[in-house]
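Inside the fold
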Amino acid sequence: MKNKYLYEMTYEEAAVAFRETDTALISTGSIEQHGPACALGLDTACSWEVTQRVARLVDCVCAPPLPIGFARQWMSYAGTLMLRRSTFEAMVEDVCKSLLWHGTKRIVIINGHGRNTAILNDLALRLKYETGALVVHIDWWKLGNVLIKEIGLENPPEELPMGHGSELETSALWAVSPDYVRPDKLLKEQMSFPIFQGTEQILAAPRETPISIKFPSFGSYQPGIGLDGTQHTRSGIVGSSLRATREKGERAFRLIPERIAEFVRELQKVPIDEVKRPSPSFY
């Protein structure tokens, strides 16, 4: 396909594109704090970068990025924006149904923000029930867990390099644009919060002494604790951004989209029965 981006097309060109492919990509992100070194748009900028790179590798149409997500836990930090769960879900649902109206049968949502994940899971299944379409979502940064060596992530477990605003995310944002990262503000969060080990949780109100509570490990299961972001980080990041480099981000953006594109091409082999075309009255 010559052009894959709907916002660049005329309606006649879009009609041709929807006849040529039944696959669409959507990018979701967030506008939220990622510590003093990273721009608020990290989640949106990085998911959109990954989505564009995947679009170059597969037959698809590509919707414009949806930049704001569900970010309640970071509202204590200036500049964070959030949609209510219901608003975020409705926004993504309406875009999906618009694509289905035009003939799409497969939708791949490339997500850049963790709190969007559960909402997207629920929506994907509901759209399957309602329309028969194949809707999947991918948290792009999680692929870093299987590409640690290839990307060059140093991965010291005590620094949680896969954490919020730490090594991978900061490196990726750096690769999107050096203007989005303040290198002199890179840091290591001193407040220990091993949320992935499950053996200890830290609870602390802002500027107060942290309170450590310990409990037996639940194995791979992680208990859910309702925490405001200020209760597990003082700087706004989880882990360390000191090991971030633009080069690591560039490698991540080369390897991760290739892996996602392989997955999309496999999805395109799945036979899909006729999709129930939603009426514009869904609005």
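Everything below is about the structure printed above this text.
First things first, this report covers the structure right here in the doc. Bear in mind the structure is a predicted one, so any value in this text is a computation, not a measurement. (Residues numbered from 1 in each chain as written. Predicted model: local features only at pLDDT ≥ 70, side-chain atom pairs only at ≥ 80, totals over all residues. Heavy atoms only, no water.)

1. Looking at the overall build of the protein
A tally of helices and strands in the protein yields seven helices and six strands. Mapped in sequence order, the helices and strands of the protein form the string α-β-α-β-α-β-α-β-α-α-β-β-α. Per-residue burial over the protein gives 52% buried out of 283 residues. When contacts within the protein are restricted to residue pairs at least 6 apart in sequence, those whose partners lie at least 24 apart make up 75%. Put simply, the protein shows about 13600 Å² of open surface, and 54% of that area lies on carbon and sulfur atoms. (Helix = DSSP H or I, 4+ residues; strand = E, 2+ residues; numbered from the N terminus. Buried < 20%, exposed > 50% of the residue type's maximum accessible area, 1.4 Å probe, protein only. Contact = heavy atoms within 4.5 Å. Areas by Shrake-Rupley, 256 points an atom, 1.4 Å probe, with all protein chains shown as cover.)

2. Observations concerning the sheet that holds strand E3 (residues 106-111)
Here four strands make up an open sheet; going across it, the order is E2-E1-E3-E4 and the pairing parallel. Since the sheet does not close on itself, it has two edges, and those belong to strand E2 (61-62) and strand E4 (134-139), each with one partner. Where helix H3 (residues 85-101) meets the sheet, its contacts fall on strand E1 (23-28) and E3, and the angle it forms with E1 comes to roughly 160°. Helix-sheet contacts for helix H7 (residues 246-267) involve E1, E3 and E4, and the interaxial angle to E4 is about 170°. (Pairing = 2+ DSSP bridges. Axes fitted to C-alpha atoms, helices over the stretch in contact; angles between N-to-C directions.)

3. Describing the environment of serine 98
Tracing the chain through its elements places serine 98 in helix H3. Serine 98 sits in the partly exposed class, given a relative accessible area of 23%. Serine 98 sits 180 residues away from proline 278 along the chain, and the two C-alpha atoms are 8.0 Å apart.

4. Details of the nonpolar core
One finds Val54, Trp140 and Ile260 to be the most contacted residues of the largest nonpolar core, which totals 43 residues. Listed by contribution, the elements that provide at least two residues to this core are helix H2 (42-55), E3, E4, helix H5 (148-151), helix H6 (167-176) and H7. Ranked by residues supplied to this core, first place goes to H7 with eight residues. (Core = buried A, V, L, I, M, F, W, Y, C linked by side-chain atoms within 4.5 Å.)

5. Looking at the pattern of salt bridges
In total, this model carries 13 salt bridges according to the counting rule given. A salt bridge links arginine 106 to aspartate 22; its shortest N-O distance comes to 3.1 Å. One end of the pair, arginine 106, is in strand E3; the other, aspartate 22, is in the loop between helix H1 (11-20) and E1, with 84 residues separating them in the sequence. The class for arginine 106 is buried, based on a relative accessible area of 8%. Look at aspartate 22 and you get partly exposed, because its relative accessible area is 22%. A salt bridge links glutamate 266 to lysine 269; its shortest N-O distance comes to 2.8 Å. Classification of glutamate 266 by relative accessible area gives partly exposed; the value is 45%. Judged by relative accessible area, which is 60%, lysine 269 ranks as exposed. One connected set of salt bridges, linked through shared partners, spans Glu89, Glu93, Lys97, Arg126 and Glu130. (Salt bridge = Lys/Arg side-chain N within 4 Å of Asp/Glu carboxyl O.)

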